[in-house]
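# Observations on the model geometry
Read off the chains here:
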Amino acid sequence: MPKISNDTLWELAASEVHSQESGTVDEEGDTVINPTATGERTVFFIGSKAGGKTTILHRCLDRDETPKPTLALEYTFGRRARGHNTPKDIAHFWELGGGTLLSDLIQIPITAQNVRTLSVVLVVDLSKPNVLWGTTERLLQVARAQVDRACSSQATGESRTGKQPTKNSIPGTLHKDHPDRELISPFPVPLLVIGSKFDVFQDFDSEKRKAICKTLRFLAHYHGASLIFSSSKSEGLMSKTRGFVNHLAFGTDRGKTVSTDPSKSLIIPAGMDSLSQIGSPPATDFDIGTLHARSPLDLWKKVFEKIFPSESTSDPKDLKDPTKDPQYSEAKIDSMRAQKDQELEQYKRNAAKSWKGMELESQKS
């Protein structure tokens, strides 16, 4: 047996570290980061106001705490050992409260430092279909824009240090031979859509249930996301939901169950659906041809909002602000409001600095 020199061992070790840091090459020749190499991942919960995000997060972390309303942006973490006497993997969990109201805070958890190992969980309240599309559209638009900025910032930083810019890790959402590959717009990081309050949803009229199921299947598939319906009152559904979240947080098996029956809870892993299986938008008593849509996504939106007229989910800043209307002027109240606005801006800046500091400490350790 030939003797292995120390130089060779060092070269092998250096090669292994380099492969973990710089990733592997996929079928299309692009460099893909291995998200498990660092042992740390970030999972960002966004979604409907009072939609059950905190309850789902606590159940996934096996915490018995009574959920409290999320005021703005909250952070927690979880640990899991891969095996006996091995370092524990760490998952950073962020949760955005207030539905679309505080969407500006999305910039804090999504950074150039963590975007390679980031996943997003969008929780939509099935019991409130009239705000479902607006909430989904607004939050995914803002999150996608921030992910794009983080990736761009990361690439710029790598270029400055002489590193070869690498593509963000996106697990195989669609196989390269999938017929819909050119027809959809996958989210730039792994995305899970959870339909909450399935117990309430079950009492809906069957035609309304079918319309919501079809639309959410289309939205999830279009964004390259996994989709699951859940309820805090069903341990079976919570167990399956836990499997999907833990898959994002720790890389565990998410299970192989697939369910597309609208009379039951939908469970569809990313890439397991297709436009042909979903079918056309759920039009009932009107002609789809009369709708002027710019794209398939816009057509589905118009059809869905015909069935479930949209309730406003606009950012209050986009509406006329009565606090700036001279006829409602109140010196003391206006002064206090200005102070609170400054405190909120300071909170945003401090939170961003705190998170960057945590990232640096994590990298040092």
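Because the structure is a prediction, the values reported are computed rather than measured. (Residues numbered from 1 in each chain as written. Predicted model: local features only at pLDDT ≥ 70, side-chain atom pairs only at ≥ 80, totals over all residues. Heavy atoms only, no water.)

### Focus on the packing of aromatic side chains
The full count for this structure, using the stated rule, is nine aromatic pairs. Judged by centre distance (6.0 Å) and plane angle (40°), the ring pair of Phe198 and Phe201 falls under tilted. One end of the pair, Phe198, and the other, Phe201, are both in helix 4 (residues 198-201), three residues apart, so they sit about a helical turn from each other. Owing to a relative accessible area of 6%, Phe198 belongs among the buried residues under this scheme. Taking the centre distance of 5.6 Å and the plane angle of 80° together, the rings of Phe201 and Phe229 count as edge-to-face. Of this pair, Phe201 sits in helix 4 while Phe229 sits in strand 8 (residues 226-229), placing them 28 residues apart in sequence. Note on Phe229: relative accessible area 0%, which makes it buried. (Phe/Tyr/Trp six-rings, centres within 6.5 Å; stacked < 30°, edge-to-face > 60°. Helix = DSSP H or I, 4+ residues; strand = E, 2+ residues; numbered from the N terminus. Buried < 20%, exposed > 50% of the residue type's maximum accessible area, 1.4 Å probe, protein only.)

### So, the packing of helix 5 (residues 206-222) against helix 8 (residues 296-307)
Relative to each other, helix 5 and helix 8 sit at 155°, their axes nearing to 11 Å. With respect to helix 8, the axis of helix 5 lies roughly antiparallel. Between helix 5 and helix 8 the crossing geometry is left-handed. For the pair helix 5 and helix 8, contact is made by Ala211, Ile212, Lys214, Thr215, Phe218, Leu219 and Tyr222 and by Pro296, Leu297, Trp300, Phe304 and Ile307, respectively. Within the contact of helix 5 with helix 8, the residues separate by chemical class into 10 nonpolar, one polar and one charged. (Axes fitted to C-alpha atoms, helices over the stretch in contact; angles between N-to-C directions. Parallel < 35°, antiparallel > 145°, perpendicular 65-115°, else oblique. Left-handed = near helix turned anticlockwise from the far one by under 90°. Contact = heavy atoms within 4.5 Å. Nonpolar A, V, L, I, M, F, W, Y, C, P; charged D, E, K, R; others polar.)

### Some points on the confidence of the model for the protein chain
Averaged over all residues, the pLDDT of the protein chain is 81; the fraction at 70 or higher stands at 74%. Per-residue pLDDT, averaged within each element of the protein chain, yields its smallest value for strand 2 (residues 31-32) (38) and its largest for strand 8 (98). Between residues 315-319, whose pLDDT stays under 50, and residues either more than four places distant or in other chains, the model counts six contacts. (pLDDT = per-residue confidence, 0-100.)

### Things to note about the pattern of salt bridges
For the coordinates displayed, the defined rule picks out eight salt bridges. Between Asp199 and Lys233 there is a salt bridge, with its nearest N and O atoms 3.7 Å apart. With Asp199 in helix 4 and Lys233 in the loop between strand 8 and helix 6 (235-250), this pair connects stretches of sequence that are 34 residues apart. Looking at Asp199, the relative accessible area reads 24%, which means it is partly exposed. Accessibility expressed as a relative area gives 71% for Lys233, which makes it exposed. (Salt bridge = Lys/Arg side-chain N within 4 Å of Asp/Glu carboxyl O.)

### Points about helix 8
Taking 1.5 Å per residue, 12 residues should reach 16 Å; helix 8 reaches 17 Å between its end C-alpha atoms and fits that length. Within helix 8, the full set of buried residues consists of Asp298, Trp300, Val303 and Phe304. (Expected span 1.5 Å × (residues − 1).)

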